[in-house]
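So you can see what is in the structure, the chains are spelled out below.
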Amino acid sequence: MQAPFVDPRPLYETETPLSTRVGVFGRYLVIDAASQRLFDGVTRRIAGCSPIVDIGCGVGAPLLPVGPTVLDRQDVIAGDLSLRQLQSISGDAGRPSPNLLQFDATRLPFRSASFGAAVARHMLYHVRDPRLAAAEAARVLRDDGLFVATTNSSSSRPELQDAHTEAAADLGGRLVERMSTNFDAESGGEKLTGSFLEVHAEPWAGVLAFPTVNAVLDYYRSTAYFKMAFDVEADRSRLAGRVSEILRARFGDGPAPLTVGGAIFICTGPIRADNNP
Ligand SMILES: C[S@@+](CC[C@H](N)C(=O)[O-])C[C@H]1O[C@@H](n2cnc3c(N)ncnc32)[C@H](O)[C@@H]1O
């Protein structure tokens, strides 16, 4: 069943928790050897291209360490729909960076065929029709350009998802379909094929090696599905309490690893509408 689309703007305009989630991935993500080789290889391929556009850049540093960022290189132009996320990047430098722009992935403010690479890391699932964003990425790429999109699997973090589903059902909370359903490892490829001649999906896998259930709960409270379960803070506190009980029954006082995984889509041969007769 098609998940109802959740407009991401209210979430990102009001939240700093994206930096919580990026921090969690930076601290606790442990990937397997094949995924590490994949991340390194894709990073090298993107790094060999210039200039690069980072679409939906969030807080600048990505959840997955794949590809350079606006913080690393001057030939990276990064943009996001959310001014708040962009301000979190320029704020650090003390002044706005000319390489940071507010834009919508479906209407990129660039000339056709102007980039060597485009990256859309963990963001295409927020676009109502990811095909439109893929078409825009293809439009701004040169013929030899590379497009890389990262995302989650529909079965990522099953331990937390199961605890959340059980707790929300117990307490009468709203259960929203996970957002990545709109562009996940399983469904994303077909949404790219109309815009690129070659689309390769490479799986990645790992764990978020949380040291304790409390560390999982900090992460859980930063997620959209937690925030959307109840409108009232007191109800959300009860939900977090119930999830804590369920996770403690499973993990006790020790480490609480969550299984994560997804896909990296590597696309070449941009099909630009302006190339068609
Ligand atoms: C989960 S975050 C990922 C951020 C970053 N790429 C990363 O890997 O950490 C998704 C980002 O996409 C942005 N976003 C959502 N819809 C967008 C759109 N239509 N155009 C541009 N950015 C968008 C959000 O504001 C948010 O910063």
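Keep in mind it's a predicted model, so treat the numbers as computed, not measured. (Residues numbered from 1 in each chain as written. Predicted model: local features only at pLDDT ≥ 70, side-chain atom pairs only at ≥ 80, totals over all residues. Heavy atoms only, no water.)

Give me the overall build of the protein: which residues, what numbers.
When you go through the protein residue by residue, the secondary structure sums to nine helices and eight strands. Expected size for 277 residues packed as a compact globule is a radius of gyration near 19 Å; at 19 Å, the protein falls within 12% of this value. Along the longest, intermediate and shortest principal axes, the C-alpha atoms of the protein span 60 × 40 × 35 Å. Across the 277 residues of the protein, 53% fall into the buried class. If you take every contact in the protein between residues at least 6 apart in sequence, the share linking residues at least 24 apart comes to 81%. Carbon together with sulfur atoms contributes 53% to the accessible area of the protein, which is approximately 12,600 Å² in total. Within the protein, the 32 negative side-chain charges are centred at a point lying 3 Å from the centre of the 28 positive side-chain charges. (Helix = DSSP H or I, 4+ residues; strand = E, 2+ residues; numbered from the N terminus. Rg over C-alpha atoms; globule rule 2.2 N^0.38 Å. Buried < 20%, exposed > 50% of the residue type's maximum accessible area, 1.4 Å probe, protein only. Contact = heavy atoms within 4.5 Å. Areas by Shrake-Rupley, 256 points an atom, 1.4 Å probe, with all protein chains shown as cover. Lys, Arg positive; Asp, Glu negative; His and termini not counted. Charge placed at Lys NZ, Arg CZ, Asp CG, Glu CD.)

Can you break down the site of the ligand residue by residue, with the values?
Around the ligand, the structure places 23 residues, and the nearest of them are Gly56, Leu63, Asp80, Ala105 and Arg121. Here an oxygen atom of the ligand and a backbone polar atom of Leu63 are 3.0 Å apart. Measuring from an oxygen atom of the ligand, one finds a side-chain N or O atom of Asp80 at 2.6 Å. Protein chains bury 97% of the 600 Å² of accessible surface belonging to the ligand in isolation. A per-class count over the shell around the ligand returns 14 nonpolar, six polar and three charged. (Near = heavy atom within 4 Å. Polar contact = N/O pair within 3.5 Å; in protein donor to acceptor, adjacent residues only side chain to side chain. Nonpolar A, V, L, I, M, F, W, Y, C, P; charged D, E, K, R; others polar.)

A description of the pairing of strand β3 (residues 76-80) should follow, citing residues and the corresponding values.
Counting buried positions along β3 gives five out of five residues, so the element sits mostly inside the fold. Side chains of β3 alternate between two faces, with Val76, Ala78 and Asp80 and Ile77 and Gly79 buried alike. Across four bridges, the pairing between strand β2 (residues 52-55) and β3 is parallel. Across the sheet, the residue bridging to Asp54 is Ala78, located in β3. Pairing between β3 and strand β4 (residues 100-102): three bridges, direction parallel. (Pairing = 2+ DSSP bridges.)

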